[in-house]
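Residues per chain are reported as follows:
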Amino acid sequence: MGTNFIGLDTAKTETLAATLNELLSNYQIFYMNVRGYHWNIKGENFFELHAKFEELYDDLLLKIDEIAERILTLGHRPAHAYSTYIEHSSVPERKDVSDGKEAVENIVDSFAKLIGKQRELLSLAGDADDEGTVPWRPSGRLFCDRAVRPVASRRSPGRHRWVGAGPGAAPAGGGTSVPLPPGG
Ligand SMILES: [Fe+2]
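Since the model is a prediction, treat every value here as computed from it, not as a measurement.

A.B. asks: Just to check I follow, could you spell out the overall build of the protein chain for this structure?
C.D. replies: The secondary structure content of the protein chain amounts to 5 helices and 3 strands. Counting all 184 residues of the protein chain, 39% fall into the buried class.

A.B. asks: Help me understand the packing of helix α1 (residues 10–40) against helix α4 (residues 100–127), please; the structure alone is not making it clear to me.
C.D. replies: Each packed pair of helices is defined by two parameters, the angle between the axes and the distance between the axes. Two numbers describe how α1 lies on α4: the axes approach to 10 Å, and their chain directions differ by 165 degrees. The angle between α1 and α4 falls in the class roughly antiparallel. Two packed elements cross with a definite hand, and for α1 against α4 that hand is left-handed. Considered class by class, the residues forming the contact of α1 with α4 number 12 nonpolar, 7 polar and 6 charged.

A.B. asks: What's the story with unusual backbone geometry in this structure? I'm lost.
C.D. replies: The phi dihedral of Asp96 is positive, around 60 degrees, even though this residue is not glycine. Mapped onto the elements of the fold, Asp96 is located in the loop between α3 (82–88) and α4. Overall, Asp96 belongs to the exposed group, with 7 C-beta atoms counted inside 10 Å.

A.B. asks: Is there a simple way to explain helix α2 (residues 46–73) in this structure?
C.D. replies: Residue pairs spaced three or four apart in an α-helix point in one direction, given the helix's 3.6 residues per turn. In this model, α2 (28 residues) spans 40 Å end to end at C-alpha, consistent with the 40 Å of a helix rising 1.5 Å per residue. Those residues of α2 not exposed but buried are Leu49, Lys52, Phe53, Leu56, Tyr57, Leu60, Ile67, Arg70 and Ile71. Once α2 finishes, Gly75 follows within two positions and takes phi at roughly 90 degrees, a positive value.

A.B. asks: What is the right way to look at the environment of Asp127 in this model?
C.D. replies: Looking at the secondary structure, you find Asp127 in helix α4. By the C-beta count within 10 Å, which is 12 here, Asp127 ends up exposed.

A.B. asks: It is not clear to me how the confidence of the model for the protein chain should be interpreted in this structure. Could you clarify?
C.D. replies: As a note on interpretation, predicted positions should not be read in detail where pLDDT is low. On average, the protein chain scores 79 in pLDDT, and the residues at 70 or more come to 72%. This stretch, residues 137–143, has a pLDDT under 50; its non-local contacts, to residues over four places away or in other chains, come to 10 contacts. Confidence drops under a pLDDT of 50 for residues 150–179, and excluding neighbours within four residues, the segment shows 65 contacts in the predicted structure.

Cut-offs used in this document
- Residues numbered from 1 in each chain as written.
- Predicted model: local features only at pLDDT ≥ 70, side-chain atom pairs only at ≥ 80, totals over all residues.
- Helix = DSSP H or I, 4+ residues; strand = E, 2+ residues; numbered from the N terminus.
- Buried ≥ 20, exposed ≤ 12 C-beta atoms within 10 Å, placed from the backbone.
- Axes fitted to C-alpha atoms, helices over the stretch in contact; angles between N-to-C directions.
- Parallel < 35°, antiparallel > 145°, perpendicular 65-115°, else oblique.
- Left-handed = near helix turned anticlockwise from the far one by under 90°.
- Nonpolar A, V, L, I, M, F, W, Y, C, P; charged D, E, K, R; others polar.
- Expected span 1.5 Å × (residues − 1).
- pLDDT = per-residue confidence, 0-100.
- Contact = placed C-beta atoms within 7 Å.

Structure representation (structure tokens):
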């Protein structure tokens, strides 16, 4: 078995880097979608959501760079063209979204996809004995907690949270019911 310059199996590292590039692609498309939500959002929850979306895309940008740097550490090249991202992202492009409920639902769905990809990475990194890549999965979960949950201001019974609800208990306070991501 061949090993690379940091002592990891070459073939397994190649698979790992390819999967990290898929994760990077998902994050990049997700990032641009969230910028779109920030720019286009309308309605009574504008101020809350506009600010939260900015907080989220700032976080995504940091994550994007960490993923790219990890790929470089493994001796591979991070994808750096939107045509590549579109080809490899399971998070779809979202255009012209101005409705807060739709934006938040898309965000939750995107986090679910990222968590799935990060779970796949955890298994591959474990198999390649790459402890540097293993932490990606828990950080993904923290991301969900940090970024999605503050958007929700009320909790409904079951695995839903209420977004943009006014004073009083949901659903009486209004707002939008958004399902939580799996495992979140
Ligand atoms: Fe802005």
